[in-house]
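Coordinate inspection notes
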Amino acid sequence: MVAAVAFDDVSCAFGPVIAVDRVSLEVRAGEFFTLLGPSGSGKTTCLRMVGGFQFPTRGRVLIHGADATRLAPYERDVNTVFQDYALFPHMNVRDNIAYGLMVRGAEKAGRYRRADEMLELVHLPGIGARRPAELSGGQRQRVALARALINRPRVLLLDEPLGALDLKLRESMQVELKALQRQVGITFVFVTHDQQEALSMSDRVCVFDRGRVEQIGTPEEIYDRPATRFVAGFVGAGNLLEGAQARRVTGLDAAVMLRAERIRIAARSERTGGDAAGQRTVPGVVKEVEYMGSYIRYIVEVGEGVELLVNHANLGAGAARRNFARGAEVALSWPESACHRIGAGAA
Amino acid sequence: MSALLAAAAAPAGPLRWLSSFLYNRRGLYLALLLAPPLFWLGVVYCGSLLSLLASSFFGMDEFTGMIRREFTLRNFVDLAAPANLDVIVRTVAMATAVTLGCAVIGFPIAYYMARYTRGALRAAFYLGVMLPLWSSYLVRVYAWKLLLAKEGVVNWVFAQTGMSWLLEALLSVPVIGGPSLSISTLGTFIVFVYIWLPFMILPIQAALERVPQSLLDASADLGARDTATFWKVIFPLALPGIVAGSIFTFSLTLGDYIIPGIIGDSSMFIGQVVFLQQGTAGNVPLAAAFTIVPIAVMAVYLTVAKRMGAFDAL
Amino acid sequence: MRSDGRQGASRALKSAAIAGMAFLHVPMLFIVMYAFSSEDQTYIFPPPGFTTKWFGVAWERPDVWQAIELSLQVAVVSTALAIVLGTLAALALARARFFGREAISLLLVLPIALPGIVTGIALRSAYGLAEIPFGFWTIVVGHATFCVVVVFNNAVARLRRTSPSLIEASMDLGADGFQTLRYVLLPNLGTALLAGGMLAFALSFDEVIVTTFTAGQQTTLPIWMLQELVRPRQRPVTNVVAVVIVALTFLPILAAYYLTRGDEHASGGRR
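Just so you know, these numbers come straight off a predicted model, no measurement behind them.

Regarding the overall build of chain A
- Counting its regular elements, chain A contains 9 helices and 18 strands.
- Seen through its C-alpha atoms, chain A measures out along the principal axes to roughly 80 × 50 × 35 Å.
- The buried share of chain A, taken over its 347 residues, is 50%.
- Approximately 15,400 Å² of chain A is accessible, and the part contributed by carbon and sulfur atoms is 49%.
- The centroid of the 44 positive side-chain charges in chain A is displaced by 2 Å from the centroid of its 40 negative side-chain charges.

Things to note about the interface of chain B and chain C
- Contact with chain B, which involves 94 residues of that partner, is made by 94 residues of chain C.
- Both faces considered, chain B and chain C share a buried interface measuring about 8,700 Å² in area, 75% of it formed by carbon and sulfur atoms.
- Our count for the chain B to chain C interface comes out at 1 salt bridge.
- The closest approach of N and O atoms between Asp-176 of chain C and Arg-16 of chain B, which form a salt bridge, is 3.2 Å.
- Our enumeration of links across chain B and chain C arrives at 13 residue pairs in polar contact (both at pLDDT 80 or more).
- If you tally residues by element for the side of chain B that touches chain C, the top one is helix H3 (residues 26-55) of chain B, at 17 residues.
- Its residues assigned to classes, the side of chain B that touches chain C comprises 65 nonpolar, 15 polar and 14 charged.

A look at the nonpolar core
- The biggest cluster of nonpolar side chains holds 153 residues, and the ones touching the most others in it are Tyr-137, Ile-258 and Phe-290 of chain B.
- Counting 34 residues, the second largest nonpolar core, distinct from the first, contains Leu-149, Ile-150, Ile-186 and Phe-188 of chain A.

Things to note about the interface of chain A and chain C
- Each side of the interface is counted separately: chain A has 23 residues, and chain C has 19 residues.
- Across the interface of chain A and chain C, roughly 1,700 Å² is buried in total on both sides, 61% from carbon and sulfur atoms.
- Its largest share of buried area at the contact with chain C, chain A owes to Tyr-74, Tyr-99 and Val-103 of chain A, together 31% of the area lost on that side.
- Our enumeration of links across chain A and chain C arrives at 1 salt bridge.
- Among the salt bridges present, the one from Arg-48 of chain A reaches Glu-168 of chain C, with a minimum N-O distance of 2.8 Å.
- Inspection of the region where chain A meets chain C yields 11 residue pairs in polar contact (both at pLDDT 80 or more).
- Of all the secondary structure elements, the ones that give two or more residues to the side of chain A that touches chain C are strand S6 (78-81), helix H2 (93-102) and helix H4 (137-149) of chain A.
- Looking at the side of chain A that touches chain C residue by residue, the classes come out as 14 nonpolar, 5 polar and 4 charged.

Overview of the sheet that holds strand S3 (residues 32-36) of chain A
All names here are of chain A.
- With mixed pairing, 6 strands are arranged side by side in an open sheet as S6-S7-S8-S3-S9-S10. One side of each edge strand has no neighbouring strand; the edge strands of this open sheet are S6 and strand S10 (212-217). Across this sheet, the average inter-strand angle for adjacent strands is 20°, counted without regard to direction.
- Bridge count for strand S9 (residues 204-209) against S10 is 5 bridges, and the pairing is antiparallel. Considered in S10, the bridge of Val-205 is made with Gly-217.

Rules of the game
- Residues numbered from 1 in each chain as written.
- Chains lettered and ligands numbered in written order.
- Predicted model: local features only at pLDDT ≥ 70, side-chain atom pairs only at ≥ 80, totals over all residues.
- Heavy atoms only, no water.
- Helix = DSSP H or I, 4+ residues; strand = E, 2+ residues; numbered from the N terminus.
- Buried < 20%, exposed > 50% of the residue type's maximum accessible area, 1.4 Å probe, protein only.
- Areas by Shrake-Rupley, 256 points an atom, 1.4 Å probe, with all protein chains shown as cover.
- Lys, Arg positive; Asp, Glu negative; His and termini not counted.
- Charge placed at Lys NZ, Arg CZ, Asp CG, Glu CD.
- Contact = heavy atoms within 4.5 Å.
- Buried area = accessible area lost by both parts, 1.4 Å probe.
- Salt bridge = Lys/Arg side-chain N within 4 Å of Asp/Glu carboxyl O.
- Polar contact = N/O pair within 3.5 Å; in protein donor to acceptor, adjacent residues only side chain to side chain.
- Nonpolar A, V, L, I, M, F, W, Y, C, P; charged D, E, K, R; others polar.
- Core = buried A, V, L, I, M, F, W, Y, C linked by side-chain atoms within 4.5 Å.
- Pairing = 2+ DSSP bridges.
- Axes fitted to C-alpha atoms, helices over the stretch in contact; angles between N-to-C directions.

Right, dumping it as structure tokens:
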């Protein structure tokens, strides 16, 4: 199957600054593909190269198998939802949405009908006559979406579209976007720096750091089996141990990642028996306690300056498991399979 | 639905091809955009300036009155003649005085505008400064000619308040005085300040507006009283604006020949000399040489001003 | 700085500010008053009486109408040229970063930064060298040259306030460069260009220094005024014309202000 979008050894430099460094990747047709990374990691530049707003200084960009590297944006079967929505302020909502059809010469009645259909699709019926300035952030975001979908592009690019929304709205939009993608059936390429967002919405995630691809995989692969130290540190909360510390705490001679929620915490006095097979236990002292709502975060010192992060599910005050205070003596245990060796690691 | 889209196929055509061609060649696109304005300003305007510079090196045959196109430094030597030096010094002195006058009168207005007005009142003030700026220069000069005349308003006010003796005293001071306010260096000074005042107010106001309130709060929080905050925080930040405004007042005064001609007495300013030389005397080379003086002065002034950050305040 | 809410301005500051504003505006009020003054010399204060007869006299003067007509024609053509050149320059310079950008900005400001007499005599000597006779176009060339920067400033301020993603969005949706210009850029620029044009018009209509050097025998309205100032024929008529000029330039400036409110915040600060 031809990939929807393919990067073939693409680099993009702005003078001496290399924003994208020899990136190769493939986005499968119909999937929800996320580019994830911190600011300045090159993910937005990659998206812009797919859209045609930035030309690579090296390499090829292919869209559905055809070389699109130096095509103008209007020559590509790709549409974009911009971070600031970029709605035309001097046009009302209906004209904004119908713009893509208008510039291709569609006649008024037909394109207005289609615009209204798009408004239905994004659950905003009847606001066609309003101006962008009169809309809320969430409404503008949906209008931008409707506008980008009216041309039925084969690939939709979304540049951190949920960044400006507040938490509750963002979470509901995440669910809606995912459902929309399944409904419309086209390829979505989504850029975000929020790893929670990436994990919850994507079919596959591509993690960027400083212009390079660190790992491409499903959310499970990224989370449970990070390929590099950067991915392990960037996604989820965990403990990264190396060298002598790794050996002492986990018994493994490698760079090891241990997720904070996989560690069980119990009062030291209760852990008198030996370890079950495949389990590992270390004693420790609680240094910090943070109440996070759905879980409690502990920072536990396990000797010689090594501190482990433990996320302990909050099962309520009356539950069997007690919560621990600072200075409490505890025992931490985890199944050895929870330790993940990090393979290739950039320093 | 797909019929609609099929009918609305992407328009091909020469314009679209041109657009894609230029999209790929950004340098060419910029060059095409800039060609007409650059041609106009570069060739036409700069060309004229260069020809002016060139002609300042030409000589004029005194008998025939024809310009001889041969290289000579005679014009610049002439500039050093006492009468001419006099003109230059007088003009520069007036420009300095006008700049100071504008700064002193303009600063309170700008300060009040930036700090104590809001909304409709600020808009009113802004318009109040903008309108004189853009409305007719000659009308405004003319207004003062009427006001300063012997039977005009200013004299009447002095007479009514019993201060005529003060006016007489001022007018009898040798350099700045004259037969009447409307024919005196003092009068010229007043009119210059009046005309260029908006040029000084707007940059100061813009610079002051950019001072965030949080800076002033921090200063007060750290224990500074109002006067200290003013001199140590506000004034230094307003200074680029003052310098920016002074560029205008200085430059405009250096080259002006109309106000001294209408309000002044017979003492000449650079602008008037230039006008006379190229006009009735036909001595364009000498006039050109004289023009170099304000250009040179402004070049120095602009370099100093740039270093003081005035360009960011424009 | 926002309005200092803690305390009002000191009385000294307030009176200084108001006195300054009065200094700026009161003289003009006198001109208006003098236009209605009934005596011949019209600078005698207080005026003996009031009349509107001078308006009628001015209406009959053919030289006044000729001067007005020439000024209008020059202003219209110069403004049109300035709008075209200024817009082109603004489109190129508003966001691009390339070698020589600052130099070009300086070049655009030069005609208005250098004293008018320099521009005037430079153009005059150039016309002399190239042996171009004085006429309508010699005046227009001078005016257009310093009007360009006025339009340019307005256009750049508006372009800087316009999000670049608007242009990208337009192209993304299928519009090429020309369509984007027509459907997105120009509608957004429109009022800024209009405002710049009106300011350029006012500037050209009022210009006298450069014009005296480039006009030859022709008389624009400011030149007419200058002649009247030096050798007055009928002072009251001059007053009337002055009032009319003020009224004529008042409206475009007011309009220009309202069209571009909000742009000035974008244009200050970083270049």
